[in-house]
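Reading the structure
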Amino acid sequence: MIERATTVGDLLIALGANLEARLPVYKRTTTPEERSRQMQEAAFGPGAEPVTAEENSELSDRVQKITAWLKVNGETAKDHPDYRDSGKEIYWKKNEDDPDSPYICIELEPWGVHSGRNLEQSPAFTIETTDPAIQFELNFDYTYYLSIMPPLGTRRFVSSHLSRSEMTRQENEVVQNAIKQAASYFAIPL
């Protein structure tokens with residue numbers, strides 16, 4: 001039986017229990033997309049609802065607001081240990097003195113380089129939180145990566161290589177919560 005949740009905290013606890021009980025054994029022939037769909041079904045049940053157009057738009061709006069804020073208040077590539085001397089235009093924020101600080105990063109790229117499709121302009125966006133342990137990446141090609149380590153259980157939820165339109169409402173709820181948490185930490189107006 002799939003456990004249901006009413007809050008993000010409940011959702012994370014249910015996610016761990018559901019993965020432990022329902023996730024099929026990994027097979028080497030499974031593609032990342034197929035495994036992501038298996039994760040979604042195990043965690044949220046068969047037929048989990050995808051994000052609505054409004055929820056997708058809200059996520060895009062928040063990424064754009066964070067992008068604007070980071071351009072003014074964030075660090076640049078020259079200050080980032082992984083991007084120094086890369087020539088990439090990135091903006092990021094993390095409190096290096098606080099091990100529980102969220103991490104937010106955007107990478108700007110000339111639009112159209114990564115996608116032949118006519119999609120909204122969006123930077124590559126990364127957010128990481130420690131409590132709960134979440135990593136979310138929105139890629140230039142309209143795909144996303146989401147990793148969640150539930151507070152209970154030993155299996156990490158990972159969804160990757162899927163179109164943003166395939167994100168479930170539950171995944172969106174976790175991502176939106178992480179964004180709000182990071183925005184609150186850094187006083188980013190949303």
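Refer to the preceding data block for the structure.
So, here's what we can say about the structure. No experiment lies behind these values; they were computed from the predicted model shown. (Residues numbered from 1 in each chain as written. Predicted model: local features only at pLDDT ≥ 70, side-chain atom pairs only at ≥ 80, totals over all residues. Heavy atoms only, no water.)

**A word on the overall build of the protein chain**
The helix and strand inventory of the protein chain stands at four helices and seven strands. Start at the N end of the protein chain and walk to the C end: the helices and strands fall as α-α-α-β-β-β-β-β-β-β-α. Burial analysis of the protein chain (190 residues in total) assigns 45% to the buried set. In the protein chain, the proportion of contacts linking residues at least 24 apart, taken out of those at least 6 apart, comes to 53%. For the protein chain, the accessible area works out to roughly 10100 Å², and carbon and sulfur atoms hold 48% of it. (Helix = DSSP H or I, 4+ residues; strand = E, 2+ residues; numbered from the N terminus. Buried < 20%, exposed > 50% of the residue type's maximum accessible area, 1.4 Å probe, protein only. Contact = heavy atoms within 4.5 Å. Areas by Shrake-Rupley, 256 points an atom, 1.4 Å probe, with all protein chains shown as cover.)

**What to know about the environment of tyrosine 145**
With respect to the helices and strands, tyrosine 145 occurs in strand E6 (residues 143–149). Between the C-alpha atoms of tyrosine 145 and leucine 162, which are 17 residues apart in sequence, the distance is 7.7 Å. When residues no more than four places from it in sequence are discounted, the contact partners of tyrosine 145 are Gln135, Phe136, Glu137, Asn139, Val158, Ser159 and Ser160.

**Remarks on helix H3 (residues 53–73)**
The end-to-end C-alpha distance of H3, which contains 21 residues, comes to 30 Å, matching closely the 30 Å that a straight helix rising 1.5 Å per residue would cover. For H3, the full list of buried residues reads Glu55, Asn56, Leu59, Ser60, Arg62, Val63, Ile66, Thr67, Trp69 and Leu70. Close packing links the buried residues of H3 with strand E2 (89–93), strand E3 (103–108), strand E4 (124–130), strand E5 (133–138) and helix H4 (169–186). (Expected span 1.5 Å × (residues − 1).)

**Some points on the pattern of salt bridges**
Following the criterion strictly, the structure yields six salt bridges and no others. Residue arginine 37 pairs with glutamate 166 through a salt bridge whose shortest N-O separation is 2.9 Å. Highlighted residues: arginine 37 in helix H2 (residues 32–44) and glutamate 166 in the loop between strand E7 (157–163) and H4, separated in sequence by 129 residues. Residues lysine 88 and glutamate 107 are paired through a salt bridge, measuring 3.7 Å at the closest nitrogen-oxygen approach. Of this pair, lysine 88 sits in the loop between strand E1 (75–76) and E2 while glutamate 107 sits in strand E3, placing them 19 residues apart in sequence. With a relative accessible area of 41%, lysine 88 lands in the partly exposed category. Classification of glutamate 107 as buried rests on a relative accessible area of 11%. (Salt bridge = Lys/Arg side-chain N within 4 Å of Asp/Glu carboxyl O.)

**Observations concerning unusual backbone geometry**
The phi torsion of most residues other than glycine is negative, and most of the peptide bonds are trans. With an omega of 5 degrees, the peptide bond between aspartate 131 and proline 132 qualifies as cis. Looking at the element boundaries, proline 132 is found in the loop between E4 and E5. The residue histidine 161 is not glycine, and still its phi comes out positive at about 65 degrees. Inspection of the secondary structure puts histidine 161 in strand E7. Its relative accessible area of 47% is what places histidine 161 among the partly exposed residues.

**Quick notes on the nonpolar core**
Counting residues in each nonpolar core, the largest one holds 39 residues, and the members touching the most others are Leu19, Ile104, Phe125, Phe136, Leu146, Ile148 and Phe157. Beyond its immediate sequence surroundings of up to four residues, phenylalanine 136 is in contact with Leu59, Phe125, Thr126, Ile127, Tyr144, Tyr145, Leu146, Met167 and Val175. Ala77, Ile90, Trp92 and Tyr103 belong to the second-largest nonpolar core, a separate cluster that totals five residues. (Core = buried A, V, L, I, M, F, W, Y, C linked by side-chain atoms within 4.5 Å.)

**Quick word on the environment of lysine 88**
A C-alpha to C-alpha distance of 7.3 Å links lysine 88 and glutamate 107, two positions 19 residues apart in sequence. In contact with lysine 88, not counting residues within four places along its chain, are Ala77, Tyr83 and Glu107.

**Brief notes about the sheet that holds E4**
Within the open sheet, the seven strands sit side by side as E1-E2-E3-E4-E5-E6-E7. Their pairing is antiparallel. Each edge of the sheet is formed by a strand with only one pairing partner; in this case those strands are E1 and E7. Here E2 pairs with E3 via five bridges, running antiparallel. When the sheet's bridge partners are listed, tryptophan 92 is paired in E3 with cysteine 105. (Pairing = 2+ DSSP bridges.)

**Some points on the packing of aromatic side chains**
Taken as a whole and judged by the stated rule, the model has five aromatic pairs. A connected cluster of aromatic rings, assembled from ring pairs, spans Phe125, Phe136 and Tyr144. (Phe/Tyr/Trp six-rings, centres within 6.5 Å; stacked < 30°, edge-to-face > 60°.)

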